[in-house]
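Below are the chains, spelled out letter by letter.
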Amino acid sequence: MRLEKCWFCSSTVYPGHGIQFVRNDAKIFRFCRSKCHKNFKMKRNPRKVKWTKAYRRLHGKDMTQDATFEFERKRNRPERYDRNVTENTLKAIKKIDKVRVDREARHHAKRMKGKKAQLHREAAKELEQSIHMVKAPSVLQQEPSLTLPKTKVKVSQPQTEDNRMEE
């Protein structure tokens, strides 16, 4: 079973799925779904479309430099199968997947590191602005420093029709 990569979004195309487009120069383009095919026909650049792997890698959202990606490369060399080699390869694939998952988790944690401090600052600011919603009203009456200073506003009363007629 051969798993192909979508030309546009780099996701996996399973056998029997997707669309295949062959250009006049015999270049084959495989697409995982009609969304990718339509974007290709509209001549959109995958590096500028936010939901593609190319965009995510270009803008530092996904890992780009990792040795585990080397194992995914397509090789066109036919090789003889040996049971022992195949068994060792399957064991290695599990280890490689575990290493990749760990590295992706570290990459994500590194990206989100500054976000936590920013969320903390925003939460503190919001709490500071709306302390009256958190504190009980009795505490606010006892400690006036927690409330906003009250200002008195003079409101003028509208004149009635009788007063206007007299003038």
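All values reported here derive from a predicted model rather than from experimental measurement.

Caption draft 1: Here's a closer look at helix 3 (residues 83-129). Spanning 47 residues, helix 3 covers 68 Å between terminal C-alpha atoms, matching the ideal 69 Å at 1.5 Å per step. The largest bend in helix 3 comes to about 35°, at Met 112.

Caption draft 2: Spotlight on the pairing of strand 4 (residues 28-31). The alternating pattern of strand 4 places Phe 29 and Phe 31 on a buried face, while none of Ile 28 and Arg 30, on the opposite face, is buried. Here strand 3 (residues 19-22) runs beside strand 4; their pairing, made up of four bridges, is antiparallel. Within the sheet, the bridge partner assigned to Ile 19 lies in strand 4 and is Phe 31. Once strand 3 ends, the chain turns through five residues before running back antiparallel as strand 4, passing Ala 26 with a positive phi of about 70°.

Caption draft 3: Up close: the UniProt feature "domain: TRASH" (unreviewed entry) in the chain. Here, the residues flagged by UniProt with the feature "domain: TRASH" (unreviewed entry) are residues 6-44. A helix fraction of 21% and a strand fraction of 26% characterise residues 6-44, whose end C-alpha atoms lie 15 Å from each other.

Caption draft 4: Geometry of the packing of aromatic side chains. Using the criterion set out here, one finds seven aromatic pairs in the structure. An angle of 45° between the planes, with centres 5.0 Å apart, marks the rings of Phe 31 and Phe 40 as tilted. By way of ring pairs, the aromatic residues Trp 7, Phe 21, Phe 29, Phe 31 and Phe 40 are connected into one cluster. Taking NZ or CZ as reference, Lys 35 lies 4.1 Å from the ring centre of Trp 51, over its face.

Caption draft 5: Representation of the side chain of His 37 within the structure. On the secondary structure map, His 37 appears in helix 1 (residues 34-41). Residue His 37 is classed as buried on the basis of its relative accessible area of 14%. Not counting residues up to four positions away in its chain, the partners in contact with His 37 are Ile 19, Phe 21 and Phe 31.

Caption draft 6: Looking closely at the pattern of salt bridges. A full pass over the atoms with the stated rule returns six salt bridges. Of the charged contacts in the structure, one is a salt bridge between Arg 2 and Glu 4, with a shortest N-O distance of 3.8 Å. On the basis of relative accessible area, Arg 2 is assigned to the exposed category, the value being 52%. Of the charged contacts in the structure, one is a salt bridge between Arg 23 and Asp 25, with a shortest N-O distance of 3.1 Å. In this structure Asp 25 comes out as exposed when scored by relative accessible area, which is 52%.

About the cut-offs
- Sequence order sets the numbering: in each chain, residues are counted from 1 along the sequence as written.
- Thresholds applied to this predicted model are a pLDDT of at least 70 for local features of residues and 80 or more for the giving and counting of side-chain atom pairs; totals over whole chains, interfaces and linings are not thresholded and use all residues.
- In computing side-chain values, all of the structure's heavy atoms are included and hydrogens and water are not.
- Helix and strand definitions here come from DSSP, where helices need a minimum of 4 consecutive H or I residues and strands a minimum of 2 consecutive E residues; each element is numbered from the N-terminal end.
- Multiply 1.5 Å by the residue count of a helix minus one, and that product is the helix's expected span.
- Bending is quantified residue by residue as the angle between axes fitted to the seven-residue window ending at that residue and the seven-residue window starting at it.
- When a residue's accessible area, from a 1.4 Å probe over protein chains only, is under 20% of the maximum for its type it is buried; when over 50% it is exposed; and in between it is partly exposed.
- Here a strand pair is declared whenever DSSP counts at least two bridges between the two strands.
- UniProt positions are given in the numbering used here, feature names are shortened, and annotations may be inferred rather than shown by experiment.
- In summary, the pairing rule links any two rings of Phe, Tyr or Trp, Trp by its six-membered ring, whose centres are within 6.5 Å, and it sorts them by plane angle into stacked for under 30 degrees, edge-to-face for over 60 and tilted for everything else.
- For a ring to carry a charge above it, either NZ of a lysine or CZ of an arginine must fall within 6 Å of the ring centroid while also lying within 35 degrees of the normal to the ring plane.
- Contact criterion: two residues are considered in contact whenever any of their non-hydrogen atoms come within 4.5 Å of each other.
- Salt bridge criterion: a side-chain nitrogen from Lys or Arg within 4 Å of a carboxyl oxygen from Asp or Glu.

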